[in-house]
Amino acid sequence: GQQVMQIPQYQHVQEGEDFTTYCNSSTTLSNIQWYKQRPGGHPVFLIQLVKSGEVKKQKRLTFQFGEAKKNSSLHITATQTTDVGTYFCAGESYGGSQGNLIFGKGTKLSVKP
Amino acid sequence: KAGVTQTPRYLIKTRGQQVTLSCSPISGHRSVSWYQQTPGQGLQFLFEYFSETQRNKGNFPGRFSGRQFSNSRSEMNVSTLELGDSALYLCASSLVAGGSMTGELFFGEGSRLTVL
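First, a word on scope: everything that follows refers to the structure included in this document.

About the cut-offs
- The written sequence of each chain sets the order in which its residues are numbered from 1.
- Chains carry letters from A onward and ligands carry numbers from 1 onward, assigned in written order.
- Where local features are concerned, this predicted model is filtered to residues with pLDDT of at least 70; where side-chain atom pairs are given and counted, the filter is 80 or more; whole-chain, interface and lining totals use all residues.
- Side-chain numbers come from the whole structure's heavy atoms, not from hydrogens or water.
- The secondary structure listing takes helices from DSSP runs of H or I that are at least 4 residues long and strands from runs of E that are at least 2 residues long, numbered from the N terminus.
- Under the scheme applied here, a residue whose accessible area is under 20% of the maximum for its type counts as buried, over 50% as exposed, and between as partly exposed, the area being computed with a 1.4 Å probe on protein chains only.
- A contact between two residues is defined here by any heavy atoms of the two lying within 4.5 Å.
- Reported accessibility uses the Shrake-Rupley method at a 1.4 Å probe radius. Residues are deemed covered only where the shown protein chains occlude them.
- For the charge count, each Lys or Arg is scored as positive and each Asp or Glu as negative, with His and the chain ends excluded.
- By convention, charge coordinates are those of NZ in Lys, CZ in Arg, CG in Asp, or CD in Glu.
- When two components associate, each loses some accessible surface as probed by a 1.4 Å sphere; the sum of these losses over both components is called the buried area.
- Basic side-chain nitrogens of Lys or Arg form a salt bridge, by our definition, when they fall within 4 Å of a carboxyl oxygen of Asp or Glu.
- In the analysis that follows, any N or O atom pair within 3.5 Å is treated as a polar contact, provided that within protein one partner can donate a hydrogen and the other can accept it, and provided that, for residues neighboring in sequence, both atoms belong to side chains.
- Strand pairing requires that DSSP identify at least two bridges connecting the strands.

## Some thoughts on the overall build of chain A
Part 1 of the argument: The helix and strand tally for chain A stands at zero helices and 11 strands.
Part 2 of the argument: Start at the N end of chain A and walk to the C end: the helices and strands fall as β-β-β-β-β-β-β-β-β-β-β.
Part 3 of the argument: In chain A, which comprises 113 residues, the proportion classed as buried is 51%.
Part 4 of the argument: Restricting the contact set of chain A to residue pairs at least 6 apart, pairs at least 24 apart contribute 55%.
Part 5 of the argument: Put simply, chain A shows about 5,400 Å² of open surface, and 52% of that area lies on carbon and sulfur atoms.
Part 6 of the argument: In chain A, 12 side chains carry a positive charge and 7 a negative one; their mean positions are 4 Å apart.

## A look at the interface of chain A and chain B
Part 1 of the argument: On the chain B side, the residues contacting the 21 residues of chain A number 22 residues.
Part 2 of the argument: Where chain A abuts chain B, roughly 1,800 Å² becomes buried across the two surfaces, and 51% of that area is made up of carbon and sulfur atoms.
Part 3 of the argument: Scanning the region where chain A abuts chain B turns up zero salt bridges.
Part 4 of the argument: Across the contact surface, chain A and chain B share eight residue pairs in polar contact (both at pLDDT 80 or more).
Part 5 of the argument: Where the side of chain A that touches chain B is concerned, the elements lending two or more residues are strand S4 (29-37), strand S5 (44-49), strand S9 (85-93) and strand S10 (102-103) of chain A.

## Brief notes about the pairing of strand S3 (residues 19-25) of chain A
Residue and element names in this part refer to chain A.
Part 1 of the argument: When you tally the buried positions in S3, you get five out of seven residues, the bulk of the element.
Part 2 of the argument: The pairing of strand S1 (residues 4-7) with S3 spans four bridges and is antiparallel. When the bridges of S3 are listed, Met5 appears paired with Asn24.
Part 3 of the argument: With six bridges joining them, S3 and strand S8 (residues 71-76) adopt antiparallel strand pairing. From the neighbouring strand, Asn24 faces S8, where its bridge partner is Asn71.

If you want it as structure tokens, here you go:
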């Protein structure tokens, strides 16, 4: 079945350093979504990428969707303590799998002030 | 606009018992998904309902079941509880995005189940 792998599992950075998490799918995706979960909270939607090679920016966050629509990345520039949390990617395949968003295991980011 | 509401928030059960969790989606959302979250396995997809029909099911045993009512509210049931079922169960509702893709998932706060 469809699998979504996410690396790294953990990332510890000094405040001001950059951070990147990578997501790879075993199948071609119709779209990929990114979520952030703060400690003790629930996942909150960040963005959805649909087009091959798409790049979207939200302030210090840059999201990319690979040309083959099988991988994606999230890059945070100059991390802040408010960026602490676990970042998940979630992929949806083609072919009748609508509603079946498969999540990666997440990258837990800690930021040292 | 009210968010996704899950009840109960916390519950403790013993092995062999069964449990029913409830989820009220955002008004107008017809898709409801359920996920099991554990520290080791992350967010694992249980099933998704749309207009009272189960469209997709994850790789969980038959002890895990669900349903959706005509008002889009959903319930999931776990029978014959095992210790390994201890987890945070998250419900999420969504609209259908363009091209039949799933739109943004709006998660509830979750129901934290402890099985003793």
